[in-house]
Amino acid sequence: MRRTISPNLETALERAAPTRTQWDAWTSHEPALGGLTYEDLRVELRTGTRQRQDELLAALVDVTNRHPTAFNVLAACLLPAIRHRIFRYAQRLERQDAMAIMVDALHEAIGRYDIDEPPRFVAQRLLDLPTHRLRHAVAVCRAWSSCVECRAEDLALASTPDLSASTLLATAVHAGVLGEHDARLIYETRIAGRPLREVATRLGLGYEGARKRRRRAEVSWAGWWAPERCQQESRP
């Protein structure tokens, strides 16, 4: 199933809601959802017992596997929990990056979910993989920052006259560690503070492609500067 990433994924999920026709088609073979409107479902997910919440979420997983267009509705139902995990684990990441990581991994987790198992702790099971991916991204970001500081300290001890970020990136490009687009992605978004989506557009890249490309570039750059320290810092 191919999905498109909204310019603001979080806002898109906040607004996600099925039409009456969609909802009736999706839920017609789901006993747990029988007689419920989408609004009823959202209320029960907030106020129902844990067992009832599990039943409803498991039914939504089954609906999504049979009707892929229902994915955004399931993700919207899990949005409070997704936000909680981003707040808890990923405050150092750009929020849109963190949201994209979680939603992308949720899509994968739904495909792995065994609908034949008893519905217990469904939200946790669906969000385990996204949370792991999020924490790994934070670890990579932390390792990259640590290695940048480490390299800057090394260069300072060597009395290097210019320790600017542009010079450090240019050195990596010259060494063949980074391509020019990779260096520009890092500089514009991490150093200059410009939004990733804006920079990606300038470089002719899609948002998701740019996000993944920047992550790979940062890992390569950090590993080149201080491989032992980066390996230690990047352990989840």
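Note that the structure is predicted; figures quoted are calculated from it, not measured.

*Asks:* Explanation requested: the overall build of the protein chain in the structure shown.
*Replies:* Summing up its helical and strand segments, the protein chain has 13 helices and 0 strands in all. Secondary structure of the protein chain in N-to-C order comes out as α-α-α-α-α-α-α-α-α-α-α-α-α. Within the protein chain, the proportion of its 236 residues that are buried is 40%. In the protein chain, the proportion of contacts linking residues at least 24 apart, taken out of those at least 6 apart, comes to 65%. As displayed, the protein chain offers around 12800 Å² of accessible surface, 49% of which is attributable to carbon and sulfur atoms.

*Asks:* Got a minute to help me understand the packing of helix 3 (residues 38-47) against helix 4 (residues 50-66) in this structure?
*Replies:* For any two helices packed against each other, one specifies the crossing angle of their axes together with the interaxial distance. Interhelical geometry of helix 3 versus helix 4 gives an angle of 135° and a closest axis separation of 8 Å. In terms of axis orientation, helix 3 runs oblique to helix 4. Here helix 3 runs over helix 4; the crossing is left-handed. Along the contact surface, helix 3 presents L41, E44, L45 and R46, while helix 4 presents R52, Q53, L56, L57 and L60. Tallied by class, residues from the contact of helix 3 with helix 4 come to 5 nonpolar, 1 polar and 3 charged.

*Asks:* Help me out: how do you make sense of the packing of aromatic side chains in this one?
*Replies:* Aromatic rings in a pair are described by how distant their centres are and how their planes are angled relative to each other. In the structure shown here, the tally under the stated rule is 1 aromatic pair. Lying across the ring of Y207, R197 places its NZ or CZ 4.1 Å from the centre.

*Asks:* Mind showing me how you'd approach helix 6 (residues 79-89) here?
*Replies:* Working note: α-helix, 3.6 residues per turn, so residues spaced by three or four point in the same direction. The complete set of buried residues in helix 6 reads L79, I82, R85 and I86. Burial along helix 6 is one-sided: seen end-on, the buried residues are contained in an arc of 125°. Opposite its buried face, helix 6 presents the exposed residues P80, F87 and R88, each directed more than 90 degrees away.

*Asks:* Could you clarify how one ought to interpret the pattern of salt bridges in this entry?
*Replies:* Should the charged atoms of two oppositely charged side chains come close, the side chains can pair. Within the structure shown, the criterion is met by 16 salt bridges. Across the pair E10 and R83 runs a salt bridge, and its minimum N-O distance is 2.7 Å. Taken together, the positions of E10 in helix 1 (residues 9-15) and R83 in helix 6 put the pair 73 residues apart, joining distant regions of the chain. Given the relative accessible area of 26%, R83 is considered partly exposed. Here E108 makes a salt bridge to R112, at a shortest N to O gap of 2.5 Å. With E108 and R112 both in helix 7 (residues 95-112) and 4 residues apart, the pair spans about one turn of that helix. R112 gets classed as exposed once you look at its relative accessible area, which sits at 57%.

*Asks:* What is the right way to read the side chain of E10 from this model?
*Replies:* E10 sits in the buried class, given a relative accessible area of 15%. Not counting residues within four places of it along the chain, the set of residues in contact with E10 comprises L79, R83, R95 and M99.

*Asks:* Looking at this structure, I do not really get helix 2 (residues 20-27). What am I missing?
*Replies:* Within helix 2 the residues assigned to the buried category are W23, W26 and T27. One face of helix 2 carries all of its buried residues, which in axial projection span an arc of 80°. Structurally, helix 2 contributes buried residues whose contacts are with helix 3, helix 4 and helix 5 (71-77).

*Asks:* Before we go on, may I ask you to explain the environment of E39 in this structure?
*Replies:* Checked against the element boundaries, E39 lands in helix 3. Judged by its relative accessible area of 53%, E39 falls in the exposed class. Placed 22 residues apart in sequence, E39 and A17 show a C-alpha to C-alpha distance of 9.1 Å.

What counts, and at which threshold
- Residues numbered from 1 in each chain as written.
- Predicted model: local features only at pLDDT ≥ 70, side-chain atom pairs only at ≥ 80, totals over all residues.
- Heavy atoms only, no water.
- Helix = DSSP H or I, 4+ residues; strand = E, 2+ residues; numbered from the N terminus.
- Buried < 20%, exposed > 50% of the residue type's maximum accessible area, 1.4 Å probe, protein only.
- Contact = heavy atoms within 4.5 Å.
- Areas by Shrake-Rupley, 256 points an atom, 1.4 Å probe, with all protein chains shown as cover.
- Axes fitted to C-alpha atoms, helices over the stretch in contact; angles between N-to-C directions.
- Parallel < 35°, antiparallel > 145°, perpendicular 65-115°, else oblique.
- Left-handed = near helix turned anticlockwise from the far one by under 90°.
- Nonpolar A, V, L, I, M, F, W, Y, C, P; charged D, E, K, R; others polar.
- Phe/Tyr/Trp six-rings, centres within 6.5 Å; stacked < 30°, edge-to-face > 60°.
- Lys NZ or Arg CZ within 6 Å of the ring centre and 35° of its normal.
- Arc of directions from axis to C-beta.
- Salt bridge = Lys/Arg side-chain N within 4 Å of Asp/Glu carboxyl O.

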